[in-house]
Amino acid sequence: MAILKRDLALAYRQRAELMQPMLFFILVISLFPLAVGPEPKTLQLIGPGVIWVAAILSSLLGLERLFRDDFQDGSLEQLMLSSTSLPAAALVKVLVHWLTSILPLIILSPLLALFLHLSEPMYWALLKTLLLGTPLLSLIGAIAVGLTVGLNRGGVLLALLLLPVFIPLLIFATSAVESASMQLQYTAQLAIIGAMFLFSLALAPFAIAYALRVSQT
Amino acid sequence: MWKWLHPYAKTERTYHLCQKLLPWFSLLGLAVILVATVWGLAFAPMDYQQSEAYRIIYVHVPSAVLSKSLYSAMAIAAFVGLVWQVKTSFMAMMALAPVGATVTFVSLITGAAWGKPMWGTWWEWDARLTSQLILLFLFLGVISLYKAFEDKQQAGKAAGVMAIVGVINLPIIHYSVQWWNTLHQGASIMKFDKPSMPPEMLWPLLLSILGWALVSGAIFLLRMQNEILQRELKRPWVVALANKSAASSEGK
């Protein structure tokens, strides 16, 4: 709990840095109408995919700072030596990351759905997939961040490691929105995303803790 | 089994084991590949639909089969290394990774060459092609993570975690892309009860898979020896080995 409070306060004091992924998110999405033309039909077709790809890319930007500061000023080492269990602490940090750098993107998403002319059922499906799927980005992303935190230039490497792993999520999420656009059921896709989320929620904290221990030595 | 396996945590023992196994794998592998390729390319009957072009199957399928098995082997090595802290296991993992990446690349290239006359396109966003491409990225990710660390002990552990994350993801990726889009023909060897291939075509194919597996094993053994020597450069037995080979080359 104390960690949650501390990290949220820290994040609040670095508002400017937190804004960057959000701006990136909006900018990437507004590039697409400029690149493929402003036809509402085309935009509606590519919209869900564009929003998801942009969300994945901007979550990568935010992920990098997940353990970086704590690693550099040594508070991560303190955390490892203290009596709190490391997996639980890692889970809290992941939660903070999700709250501070992904939740704002989800809050922004109605605006972007307007930009891309998504219909109403499509937007609701998109929102559900985002709510259920983005925690997965933070959880699995944190494993790779834990592994690369000790490296000087981990940024590009992080993308190389994580993007292939995120592909199934992208496929299921966009296909859910596509089903919604045709007025079809999409509970199956949501259920699969939910299953992946629960599975990683159970295992990822331990993997993150292990990754951090590897980096610390 | 554990008692039997344990001595190989020592690098010197493993090095000599590799040395002993290497000629078997390399000679046998080359012989089998030679037989299988000649048989497959020259003597196997022609396909009634795809005529001669199908013969690339004798390169394409072995490489595709091996790409997945090498990834599994790499992940198993990573798991052994992480759980029992066996140093040689990480070396095995890193010796396997580039072999696997190469084989995956070969299967993609031959697949493209086969796709052009059959489907009329070099590349199609089909399920198997896509999952193969992602597999290549997973291999490259593990390799580049390993290379990014200075301390190889740490690098092995980090790359090992990533390899295991990848292996958990692999089936999910496989089924998700399959569900997403499919053009590739279904499996035609794995149905052993009634293969959809005549035996005259199947036997050279199975042989060439075996040959590829043996040659990959040989390359793995070579790389493993190399890795051990590089990591253990300052150990007395490596120095002794180097002195011995230097002395024998001087004697000639």
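By the naming in an unreviewed UniProt entry, chain B goes by Heme exporter protein C and is assigned to Paraglaciecola arctica BSs20135. The record in UniProt for chain B states the following under Sequence similarities (unreviewed entry): "Belongs to the CcmC/CycZ/HelC family." Looking at chain B in UniProt, the text filed under Function (unreviewed entry) is "Required for the export of heme to the periplasm for the biogenesis of c-type cytochromes."

Novice: Explanation requested: the overall build of chain A in the structure shown.
Specialist: Within chain A, the secondary structure is distributed over 9 helices and 0 strands. From first element to last, N terminus to C terminus, chain A shows the α and β order α-α-α-α-α-α-α-α-α. The C-alpha radius of gyration computed for chain A amounts to 18 Å, which stays within 12% of the reference 17 Å derived for 217 residues, consistent with globular compactness. Its C-alpha atoms give chain A principal-axis dimensions of roughly 55 × 35 × 30 Å. Counting only residues that meet the buried cut, chain A has 46% of its 217 residues in that class.

Novice: It is not clear to me how the interface of chain B and chain A should be interpreted in this structure. Could you clarify?
Specialist: Note: interface size is frequently given as the accessible area lost on complex formation between the parts. If you look at the interface, chain B gives 19 residues, while chain A gives 18 residues. Broken down by element, the residue count for the side of chain B that touches chain A peaks at 12 residues, all from helix H6 (residues 152-180) of chain B. Of the residues that constitute the side of chain B that touches chain A, the class distribution is 13 nonpolar, 5 polar and 1 charged.

Novice: Is there a simple way to think about the packing of helix H2 (residues 15-36) of chain A against helix H3 (residues 40-63) of chain A in this case?
Specialist: Geometrically, a packed helix pair is captured by the angle between its two axes and the distance between the axes. Residue and element names in this part refer to chain A. Where H2 meets H3, the axes come as close as 9 Å, and the angle between the chain directions of the two elements is 150°. When the interaxial angle is binned, H2 and H3 end up roughly antiparallel. Relative to H3, the crossing made by H2 is right-handed. Two secondary-structure elements touch here, H2 through Gln20, Pro21, Phe24, Phe25, Val28, Ile29, Phe32, Pro33 and Val36 and H3 through Thr42, Leu43, Ile46, Val50, Ile51, Ala54, Ala55, Leu57, Ser58, Leu61 and Gly62. For the contact of H2 with H3, the residue count by class is 16 nonpolar, 4 polar and no charged.

Novice: In this structure, what is going on with the environment of B:Leu222? I would like to understand it.
Specialist: Along the chain, B:Leu222 falls in helix H7 (residues 199-231). On the neighbour-count criterion, B:Leu222 (16 C-beta atoms within 10 Å) is partly exposed.

Novice: When you look at the environment of B:Thr104 in this model, what are you seeing that I'm missing?
Specialist: Take B:Thr104: it is sitting in helix H4 (residues 87-119). Placed 35 residues apart in sequence, B:Thr104 and B:Phe139 show a C-alpha to C-alpha distance of 8.9 Å.

Novice: It is not clear to me how helix H8 (residues 155-181) of chain A should be interpreted in this structure. Could you clarify?
Specialist: Note on helix geometry: an α-helix contains 3.6 residues per turn, so any two residues three or four positions apart are oriented the same way. A:Phe166 marks where H8(A) bends most, by close to 40°; the proline A:Pro168 follows one to four residues later. A:Gln183 sits one or two positions beyond H8(A) and adopts a positive phi of about 60°.

Novice: Mind showing me how you'd approach the UniProt feature "transmembrane region" (unreviewed entry) in chain B here?
Specialist: Residue and element names in this part refer to chain B. According to UniProt, the positions carrying the feature "transmembrane region" (unreviewed entry) are residues 21-44, 64-84, 96-115, 127-146, 158-181 and 201-222. Helix makes up 100% of residues 96-115 and strand 0%, with an end-to-end C-alpha separation of 28 Å. As a span, residues 201-222 carries 100% helix and 0% strand, and end to end its C-alpha atoms are 32 Å apart.

Analysis parameters
Residues numbered from 1 in each chain as written. Chains lettered and ligands numbered in written order. Predicted model: local features only at pLDDT ≥ 70, side-chain atom pairs only at ≥ 80, totals over all residues. UniProt positions renumbered as here; feature names shortened; annotations may be inferred. Helix = DSSP H or I, 4+ residues; strand = E, 2+ residues; numbered from the N terminus. Rg over C-alpha atoms; globule rule 2.2 N^0.38 Å. Buried ≥ 20, exposed ≤ 12 C-beta atoms within 10 Å, placed from the backbone. Contact = placed C-beta atoms within 7 Å. Nonpolar A, V, L, I, M, F, W, Y, C, P; charged D, E, K, R; others polar. Axes fitted to C-alpha atoms, helices over the stretch in contact; angles between N-to-C directions. Parallel < 35°, antiparallel > 145°, perpendicular 65-115°, else oblique. Left-handed = near helix turned anticlockwise from the far one by under 90°. Bend = angle between axes of the 7 residues up to and from the residue.

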